[in-house]
Amino acid sequence: AAFLCFVASRSRGAYTALAVMEVVITALFFLLYFLKLDKKMSWLFWPLADIFNSVIAALFLLVVCLFAVIIKTNNGTLAGGVFGLVLLVLSVVDAVLLFQKISLDGPRGRNTPAK
């Protein structure tokens, strides 16, 4: 939604570029999990990579969307900034929930007994 608002309002390239980057990265993670490629590439701890993605996205969104809301060159930029701030909150919630779900010191694998 933020991407569409930034594009429709013809706002600065940084706003649109960040929105496109987040859509692409999120789509790649979705595709990765949907095609179960995370099981085939077990050398990387994918939930931790997802947490890093959420934290970095939250930092970028914080800076860019605050600028969009503060500067508000037009209503589309303001709406994109507000949608971006909502996405910021969702990214932080995603990172916190994923961090609570994983355990770095516990066993990894499918055949480990439940605690």
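Everything here concerns the structure above.
The text that follows walks through the structure, step by step, so that each part is easy to find. Predicted, not measured: the structure shown is a model, and the values here were computed from it.

Grouped together as the largest cluster of nonpolar side chains are six residues: Leu-18, Ala-58, Leu-61, Val-64, Cys-65 and Leu-88. When residues of this core are assigned to their parent elements, the largest contribution, four residues, is made by helix H4 (residues 46-71). Sequence-distant contacts of Cys-65, that is, excluding residues within four places in its chain, are made with Gly-80, Gly-81, Gly-84 and Leu-85.

Let us now look at the packing of aromatic side chains. By the definition in use, this model includes two aromatic pairs. Ring geometry for Phe-29 against Tyr-33: centres 6.4 Å apart, planes inclined by 35°, an arrangement best described as tilted. One end of the pair, Phe-29, and the other, Tyr-33, are both in helix H2 (residues 13-34), four residues apart, so they sit about a helical turn from each other. The class of Phe-29 is buried, set by a relative accessible area of 16%. When the centroid spacing of 5.9 Å and the interplanar angle of 15° are considered together, the rings of Phe-30 and Phe-34 count as stacked. Of this pair, Phe-30 and Phe-34 both sit in helix H2, separated by four residues, roughly a single helical turn. Judged on exposure class, the residue Phe-30 and its partner Phe-34 are both exposed.

Contact geometry for H4 and helix H5 (residues 75-101): axes closest at 8 Å, N-to-C directions at 155°. The angle between H4 and H5 places the two elements in the roughly antiparallel class. As for the relative orientation of H4 and H5, their crossing is left-handed in sense. The residue makeup of the contact of H4 with H5, split by class, is 20 nonpolar, six polar and two charged.

The phi dihedral of Lys-36 is positive, around 60°, even though this residue is not glycine. Looking at the secondary structure, you find Lys-36 in the loop between H2 and helix H3 (37-40).

Structurally, the position occupied by Asp-50 is in helix H4. With no salt bridge to any partner, buried Asp-50 finds its closest opposite charge in Lys-101, at an N-O distance of 9.0 Å. In this structure, Asp-50 is in contact with Phe-29, Tyr-33, Asp-94 and Leu-98, ignoring residues within four places of it in sequence.

The rules behind these values
- Residue indices begin from 1 for each chain and proceed along its sequence in written order.
- Reporting in this predicted model follows two pLDDT cut-offs: at least 70 for local features of residues, and 80 or more for side-chain atom pairs to be given and counted; totals over whole chains, interfaces and linings ignore these cut-offs and use all residues.
- Side-chain metrics in this entry use all non-hydrogen atoms of the structure; hydrogen atoms and water are not considered.
- Residues belong to a common nonpolar core when they are buried Ala, Val, Leu, Ile, Met, Phe, Trp, Tyr or Cys residues joined through side-chain atoms within 4.5 Å.
- Partly exposed residues are those whose accessible area sits between 20% and 50% of the maximum for their type, while under 20% is buried and over 50% is exposed, using a 1.4 Å probe and protein chains only.
- Secondary structure follows DSSP: runs of H or I at least 4 residues long count as helices, runs of E at least 2 residues long count as strands, and numbering of each begins at the N terminus.
- The contact definition used throughout considers only heavy atoms, calling two residues in contact when any of these lie within 4.5 Å.
- In this analysis, rings of Phe, Tyr and Trp, with Trp reduced to its six-membered ring, are considered paired at centre separations within 6.5 Å, and the interplanar angle assigns stacked below 30 degrees, edge-to-face beyond 60, and tilted for intermediate values.
- Axes here refer to lines fitted to C-alpha atoms; in helices the fit is confined to the stretch in contact. Angles between the N-to-C directions go from 0 to 180 degrees.
- Between 65 and 115 degrees an angle is taken as roughly perpendicular, under 35 as roughly parallel, over 145 as roughly antiparallel, and anywhere else as oblique.
- Crossing handedness is defined as follows: a turn of the near helix away from the far one that is anticlockwise and smaller than a right angle gives a left-handed crossing, while the clockwise case is right-handed.
- When residues are grouped by polarity, Ala, Val, Leu, Ile, Met, Phe, Trp, Tyr, Cys and Pro land in nonpolar, Asp, Glu, Lys and Arg in charged, and all others, Gly among them, in polar.
- When charges are counted, Lys and Arg are positive and Asp and Glu negative, with His and the chain ends excluded.
- Salt bridges are defined as contacts in which a side-chain nitrogen from Lys or Arg sits within 4 Å of a carboxyl oxygen from Asp or Glu.

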